[in-house]
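# Structural overview for review
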Amino acid sequence: MKIEQIQQVIAVYRAGSINKAAQELYLAQSTLSSSIHAVEQELQQTIFVRSPGGIALTDFGHSFVRHGADILNAHQKILTAAQASGMFFPGEKLNVSVSHILFINRIFHQLYGKYRDKNAEFCYRNDSQCRIIEDVSQGISELGVLAMPSILKTEWLALITSHGLEYSVLSHEQAHVLFGPSSPLCDHPQDSISVGDLQPLTRVSSRKEHPLFQQIDNEISRIFHCRECIYADSQKQIPEILRETNAYYIATMNKSAYQKKPYDSVIRHLLIQDAPFSFEFGFIHPSGQSLSPAAAEFIELICQAVR
């Protein structure tokens, strides 16, 4: 039995249901159910009585929760002592791969600043959706954060699952158009715009390596009747292209995430009022694996930023 399994049992007890606990732990419900069952099999005891009305602890379950809480308290004291002495422990290691999302870059550096004097081993990769999936599936990164359009969602979810990964949604977002100081959109009198208003303008996008993501990008071009498109080698180049040209970029722009510090001093954005798709922030990690303490803290900081 692992520490993570004790944490999971107590999380289910406190949440009152496996479904709620799975959401709090960023696990699939089936994964959490299997983990609880494995503990019961190992101990040859029933911890929870399951019924249509919910779950309840058995007499043994009450003992497990009481003693399990003591174990978790002791475990935390060990980690605290290790941290105080400057020793490395697993909660100070974090490898992530992320789409080029500026506020998430800032969150990572904020978290790194918290641990940099404690022998932290942090690694941050900005990359394409395809490579983020590969990084996490190959164990290069513990988790990946994606900004994905709802277009062909069934297909890109299947691609993620085929790599042995789980996907969790962090935030649903409306589509926005981003543009620089040379764009004619600067004279737009309202804070929203229609799809038709963008038809005569040049679009910016990044090159896609995987056929599925190429198909999604082609569909966006079709929706906006795109006549011309500038293709950047990576998403990192897009802000500079927007500053130097009159082109636009389709993305999302969470107001809460950029409330304290704007996205950019000159790049503006407008809500696309009739966009037939939306975006969502989500993260992926290996199926059946709990997040490390640092990874869970990273995800929680993202959730706080977009609320």
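A short tour of the structure in this document, coming up.

## Considerations on the sheet that holds strand 8 (residues 192-193)
- Strand order in this open sheet of six strands is 8-12-7-11-9-10, and the pairing throughout is mixed. The sheet is open, and its two borders are formed by strand 8 and strand 10 (229-232), each paired with just one other strand.
- Against the sheet, helix 8 (residues 211-223) engages strand 9 (203-206), strand 10 and strand 11 (248-252), with an angle of about 175 degrees to strand 9.

## What about the packing of helix 2 (residues 18-25) against helix 3 (residues 29-43)?
- Taken N-terminus to C-terminus, the directions of helix 2 and helix 3 make an angle of 110 degrees; their axes are 9 Å apart at the nearest point. Accordingly, the angle class assigned to the pair helix 2 and helix 3 is roughly perpendicular. Where helix 2 approaches helix 3, its residues Ile18, Asn19, Ala21, Ala22 and Leu25 are matched on the opposing element by Gln29, Leu32 and Ser33.
- Residues that form the contact of helix 2 with helix 3 fall into these classes: five nonpolar, three polar and no charged.

## Things to note about helix 8
- Along its 13 residues, helix 8 runs 18 Å from first to last C-alpha, staying within 8% of the 18 Å computed at 1.5 Å per residue.
- Those residues of helix 8 that fall on the buried side of the exposure criterion are Leu212, Phe213, Ile216, Asp217, Ile220, Ser221 and Ile223.
- Looking at the buried positions of helix 8, the neighbouring elements they touch are helix 6 (129-137), strand 5 (143-149), helix 7 (153-162), strand 9, strand 10 and strand 11.
- His225 lies just past helix 8 and shows a positive phi near 50 degrees.

## As for the pattern of salt bridges
- In total, this model carries 11 salt bridges according to the counting rule given.
- Two residues, Arg207 and Asp233, come together in a salt bridge whose shortest N-O distance is 3.4 Å. Linking Arg207 in the loop between strand 9 and helix 8 with Asp233 in the loop between strand 10 and helix 9 (238-244), this pair joins segments that are 26 residues apart in sequence.
- For Asp233, a relative accessible area of 59% corresponds to the exposed category.
- Connected through shared salt-bridge partners, Arg203, Lys208 and Asp217 make up one network.

## Here we look at the packing of aromatic side chains
- Following the criterion strictly, the structure yields 11 aromatic pairs and no others.
- Between Tyr258 and Tyr263, the aromatic rings sit 5.6 Å apart at their centres with planes inclined by 85 degrees, giving edge-to-face as the arrangement.
- Here a set of aromatic residues connected by ring pairs shows up, and it is made of Phe108, Tyr112, Phe122, Tyr124 and Phe298.

## Digging into the side chain of Ser171
- Turning to its location among the elements, Ser171 is positioned in strand 6 (residues 165-173).
- Here Ser171 falls in the buried class, since its relative accessible area comes to 9%.

## Side note on the sheet that holds strand 5
- Taken together, the five strands give an open sheet; going across it, the order is 4-3-5-13-6, and neighbouring strands pair in mixed fashion. The open sheet has two edge strands with one neighbour each: strand 4 (121-126) and strand 6. On average, each strand axis in the sheet is tilted by 20 degrees relative to the strand beside it, whichever way the strands run.
- Across six bridges, strand 5 lies against strand 13 (residues 279-286) in antiparallel orientation.

## Overview of the environment of Leu157
- Looking at where Leu157 falls in the secondary structure, it is placed in helix 7.
- Assessed through its relative accessible area of 28%, Leu157 is described here as partly exposed.
- Between the C-alpha atom of Leu157 and that of Ala147, which follows or precedes it by 10 residues, the distance is 13 Å.

## A closer look at the state of the cysteines
- Applying the stated criterion across every chain, the model contains zero disulfides.
- For Cys186, which is in no disulfide, the shortest distance to another cysteine sulfur is to Cys226 and amounts to 19 Å.

## A short note on unusual backbone geometry
- One non-glycine residue, Leu152, lies in positive phi territory at about 55 degrees.
- Owing to a relative accessible area of 25%, Leu152 belongs among the partly exposed residues under this scheme.
- Positive phi, normally seen in glycine, also occurs at His225, with a value near 50 degrees.
- You can see His225 is positioned in the loop between helix 8 and strand 10.
- Looking at His225, the relative accessible area reads 46%, which means it is partly exposed.

Calculation rules
- Residues numbered from 1 in each chain as written.
- Predicted model: local features only at pLDDT ≥ 70, side-chain atom pairs only at ≥ 80, totals over all residues.
- Heavy atoms only, no water.
- Pairing = 2+ DSSP bridges.
- Helix = DSSP H or I, 4+ residues; strand = E, 2+ residues; numbered from the N terminus.
- Contact = heavy atoms within 4.5 Å.
- Axes fitted to C-alpha atoms, helices over the stretch in contact; angles between N-to-C directions.
- Parallel < 35°, antiparallel > 145°, perpendicular 65-115°, else oblique.
- Nonpolar A, V, L, I, M, F, W, Y, C, P; charged D, E, K, R; others polar.
- Expected span 1.5 Å × (residues − 1).
- Buried < 20%, exposed > 50% of the residue type's maximum accessible area, 1.4 Å probe, protein only.
- Salt bridge = Lys/Arg side-chain N within 4 Å of Asp/Glu carboxyl O.
- Phe/Tyr/Trp six-rings, centres within 6.5 Å; stacked < 30°, edge-to-face > 60°.
- Disulfide = S-S within 2.5 Å.

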